[in-house]
Amino acid sequence: MSFDLIVRDGLWFDGTGAEPRRAHLGIRDGRVATVSAEPLDEAGCPEVIDAAGRWVMPGFVDIHTHYDAEVLLNPGLDESVRHGVTTVVLGCCSMSTVYATSEDAADLFSRVEAVPRKHVIAALEDFRDWTDPEGYIKRLDSLPLGPNIASFVGHSDLRTAVMGLGRATENRSLPSRAELDRMAQMLDRALDAGMLGMSGMDAPIDKLDGDRYRSRALPSTYAWWHERWRLINVLRERGRILQSAPNINNPLTVVMFFLASGNRLFSRRRTVPVSLLVAADSKSAKGAHRVLSLGAALGNRIFRSKIKFQHLPLPFTLYSDGIDLPVFEEFGAGTAALHIRDQLDRNELMADTEYRRRFRREFALKKHKPGLWHKDFRDAVIVDCPDTSLIGKNFAQIADERGIAPLDAFLDVLVENGEKNVRWTTTVGNHRPAVLDEMAKDPNFQLGFSDAGAHLRNMAFYNFPLRFLKRMRDAEQRGATVLPLGRAVHRLTGELAGWFGLDAGHLREGDRADFVIIDPAKLDDAVDAYNEAAAPFFDGLSRMVNRNDATVVATAIGGRVVFRLGEFVPGYGRDQQTGHYLRAGAR
C-alpha cells in the first residue's frame, strides 16, 4: 500500500501513557494508516522522514490560550505550532468574541490580556461576519488555520451581549428573569454548535479597557451564584465543561464550584467537569498547591464532583515594562496608575506625594496576603533601563544605595527613567524544582495554563511541553525518575484531550495524524532562553517568544508537515488550511 508520508524508525509515543517503542508510521489521507515494527514499503511515497534517534509523539494540546484576536490576523498561530502544539483552546477566562459587539469584546479582552486594543478592534472589524456561534465557527473554519481550534463561550461575553457592558459591570444590576433565560438559551446554542462549554472568572483582578467603563472588573465577576448556577445547569444537561477561577479574596467560594460540579445532593444529575485556575507553588502563599490538591481530592470525593486545577509546569517568570503587569491590578493604587494610558500623565501620578502614600499603604496591606505576586523587591531585577548603571540590580539593592525603602526606589526609578522604559523581571512561583516534580505527578492538576497569545511583553510559555519533557528526561537520566516518559507525554496530550472531549492527543492507527518529532539530543538549555521577535500582524510589536527550533524536527497537522528544520512550509497560515475547528465530543 502507498502512503502520503512515512515516519521511519522513530521512538513512538501513542499518547495513552504506554512506554514508547521503535516504530514506522504510515500516513494516508491525514490519518495514521499503520504503525509497524517492520520497515514500510517506501515506493511511491512522496515524503519520508527519517526519525531514527528521535521521539515521535502526538501534537501537544494547549488547554488555555488567548488567541481569540490573533487567530483572525495570524491563523497559523506559528509561535505555538513551531513547538509542537497542534490543538489550542480559545475563549478562556470568561472572554470570547462570539456574541458581544466588536467594541465590547475589545474592552473585555485588551487590558486583561495585554494585547493592544487597536489590533483587537481591527481584527474583529475586518473579519467579523458572524452574529451567532454557528457563524463564529464557520468563520474560524474558513481561515487558513494552522493548528486545530476548540473554544469556550465566555460568561462575560454572554452577560455583555444580554445586559450591555455598562449594566453588566454594575454592582447593583442583576439580570432579569428574561435576561437570564436569554443567557441560558445563548449558551445552549453555543453548545449545539460544538463549543466545549462555558468559561468564567470570579477573581476581580482583571479590568476593562476602553474609555466607557475603563478599570471596571470583568462582567462575570459581578454575577451572583444563582446566575452561575443557572448557566452551569445548562452545561450539566449537555454534559459539557466549565472553566473558571475562584475569587482569591473569598476562598470559601471554591466550595460552590464543588457543589455546582457534583451530584451528591441530587444523585441522578450529571457531574459537570470543572477546570479551575490555577495551581502553583506561589512565593506569596507557600503550600497553597498542597491545599488545592488535597481540597480537590477530598472535595471530589465528598461532593462527587469532577474538579481539576490547571498548572503551568514551569517556573512562573514574568517581565514588565514599568507597571504594565496584571499583578498591579491587585490593589487600587496599581489600578489607578494603569487606568492612565498617557505616559506623561502616569509619570506625574507616580511622582505625586499623596499617591505615593496611598501606594505604600495599600501595598503594605497586600504584601502579606496571598496573591499572584510576592511583592518582594529583592526579587525584582532590572534588565533594561536608560540608566544603564541600574541594569542587573534589584530594587532593594538600589534602595540600599540610596538609603530609602525598596518601594520608593521602585517608584523613583520608574519616574526618573520614564515608567515604560524600565524593564524588570521576577519569578512569582513554581521556583522549587522538587515541588514542580511533585505537582507533575498530581492527578488533581492539569498541565496547561500557557496563556499563549496574551501578555505579549510579560511572559512566553509557548514551548512549555518541551521544557516539561526536558525536565522529565533529565530526571530519568539522573536515575531519579519523576514520570516515565510515556506517562509524561500522556499528561501533555491524551489525558487533556480525553478530559476536554477532543479528537486529539493520540497517535494510533486511525487517529488524525497530528504529531511532533523531537530530537532529544537538542532538548537542551536553549528551551529556557529569553527571546523576542516582531509580530508583523501587530504592527511589528516586539513580543516575548521561544526560539529553540533545533529541538523540533517537524510538526505535522492532519498528516501534512507544516514546520521542519526551523522553517514553515511555503504558504503556511496564508493560503493553506491544515487545522480545523474541533467540535466538542466529535470523533
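Everything in this summary refers to the structure shown in the same document. Note that the structure is predicted; figures quoted are calculated from it, not measured. Here the residue index of a chain counts from 1 through its sequence in written order. Reporting in this predicted model follows two pLDDT cut-offs: at least 70 for local features of residues, and 80 or more for side-chain atom pairs to be given and counted; totals over whole chains, interfaces and linings ignore these cut-offs and use all residues. Water and hydrogen atoms were dropped before computing side-chain values, which therefore reflect all heavy atoms in the structure.

## Remarks on the packing of aromatic side chains
- Any pair of Phe, Tyr and Trp rings, taking the six-membered ring for Trp, is counted once the centres come within 6.5 Å. Such a pair is stacked with planes under 30 degrees apart, edge-to-face with planes over 60 apart, and tilted for the rest. Overall, the coordinates contain 29 aromatic pairs when judged by the stated rule.
- Taking the centre distance of 6.0 Å and the plane angle of 70 degrees together, the rings of F13 and W55 count as edge-to-face. Placement of F13 in the loop between β1 (5–12) and β2 (21–28) and of W55 in strand β5 (residues 55–58) is noted, with a sequence separation of 42 residues between them.
- The buried label goes to any residue with under 20% of its type's maximum accessible area, the exposed label to any with over 50%, and the partly exposed label to all in between, with areas taken from a 1.4 Å probe on protein chains only. Taking the relative accessible area as the measure of exposure, W55 reaches 6% and is therefore buried.
- Plain terms: the ring middles of F363 and W373 are 5.7 Å apart, the flat faces sit at 65 degrees to each other, and that makes the pair edge-to-face. You can see F363 sitting in helix α14 (residues 353–367) and its partner W373 sitting in the loop between α14 and β15 (381–384), a full ten residues away along the chain. The pair F363 / W373 is uniform in exposure class, with both members buried.
- An aromatic cluster is defined as three or more aromatic residues linked by ring pairs; in this entry it consists of F328, F331, Y355, F359, F363, W373, F377, F395, F410 and W424. Strands here are runs of E lasting at least two residues and helices are runs of H or I lasting at least four, both read from the DSSP assignment and numbered beginning at the N terminus.

## Some points on helix α9 (residues 225–238)
- Over its 14 residues, α9 extends 20 Å from the first C-alpha to the last, a length consistent with the 20 Å expected when each residue adds 1.5 Å.
- For α9, the set of buried residues is W225, E227, R228, L231, I232, V234, L235 and R236.
- Contacts between residues were defined by any pair of non-hydrogen atoms, one from each residue, lying within 4.5 Å. Contacts from the buried residues of α9 go to α6 (155–163), α8 (177–193), β10 (197–199), β11 (241–244) and α10 (253–261).
- Phi turns positive, to about 65 degrees, at G239, one or two residues after α9. Residue count minus one, scaled by 1.5 Å, sets the expected span of a helix.

## As for a nonpolar patch on the surface
- Together, L294, L298 and I302 make up a nonpolar patch on the protein surface, roughly 290 Å² of accessible area in all.
- Structurally, I302 is set in helix α11 (residues 288–303).
- For I302, a relative accessible area of 49% translates into the label partly exposed. Like-charged residues within 9 Å of one another, or nonpolar side chains (Val, Leu, Ile, Met, Phe, Trp, Tyr) within 5 Å, are grouped into patches, provided each residue has over 30% relative accessible area and no salt bridge. Only the protein chains shown count as cover for residues, with accessible areas throughout obtained via the Shrake-Rupley method and a probe of 1.4 Å. We count a salt bridge whenever a side-chain nitrogen from Lys or Arg sits within 4 Å of a carboxyl oxygen from Asp or Glu.

## Overview of the packing of helix α13 (residues 343–351) against α14
- Between α13 and α14, the least distance of the axes is 5 Å, while the angle of their chain directions is 70 degrees. If you check the angle between α13 and α14, you find them roughly perpendicular. For the pair α13 and α14, the contacting residues are L349, M350 and A351 in the first and T353, Y355 and R356 in the second.
- Here the nonpolar group is Ala, Val, Leu, Ile, Met, Phe, Trp, Tyr, Cys and Pro; Asp, Glu, Lys and Arg are the charged ones; every other residue, Gly included, is treated as polar. Residues belonging to the contact of α13 with α14 are distributed by class as follows: four nonpolar, one polar and one charged. Angles here are taken between N-to-C directions and fall from 0 to 180 degrees, while the axes themselves are lines fitted to C-alpha atoms, restricted in helices to the stretch in contact. When an angle is under 35 degrees it counts as roughly parallel; over 145 it counts as roughly antiparallel; between 65 and 115 it counts as roughly perpendicular; any other value is oblique.

## Digging into the pattern of salt bridges
- Summed over all chains, the structure comprises 57 salt bridges.
- Salt-bridge contacts for R583 lead to D141; the nearest nitrogen and oxygen are separated by 3.9 Å. Here the residue R583 occupies a position in the segment after β23 (567–568), and D141 occupies one in helix α5 (residues 133–142), the gap between them amounting to 442 residues.
- With a relative accessible area of 37%, R583 lands in the partly exposed category.
- Its relative accessible area of 24% is what places D141 among the partly exposed residues.

## Some words on the pairing of strand β20 (residues 541–545)
- The pairing of strand β19 (residues 531–535) with β20 spans five bridges and is classified as antiparallel. Counted as the bridge partner of A534 is S542 from β20.
- Should DSSP find at least two bridges between two strands, the strands are taken to pair. With antiparallel pairing between neighbouring strands as the criterion, β19 and β20 make up a hairpin whose turn holds five residues, including D539 at a positive phi of roughly 55 degrees.

## Here we look at unusual backbone geometry
- Following L277, the chain continues to V278 via a peptide bond in cis, the omega torsion being -15 degrees.
- With respect to the helices, strands and loops of the structure, V278 is situated in the loop between β12 (273–276) and α11.
- Unusually for a residue other than glycine, L77 sits at a positive phi of about 40 degrees.
- Here L77 is to be found in the loop between α1 (70–73) and α2 (78–81).
- The class for L77 is buried, based on a relative accessible area of 0%.

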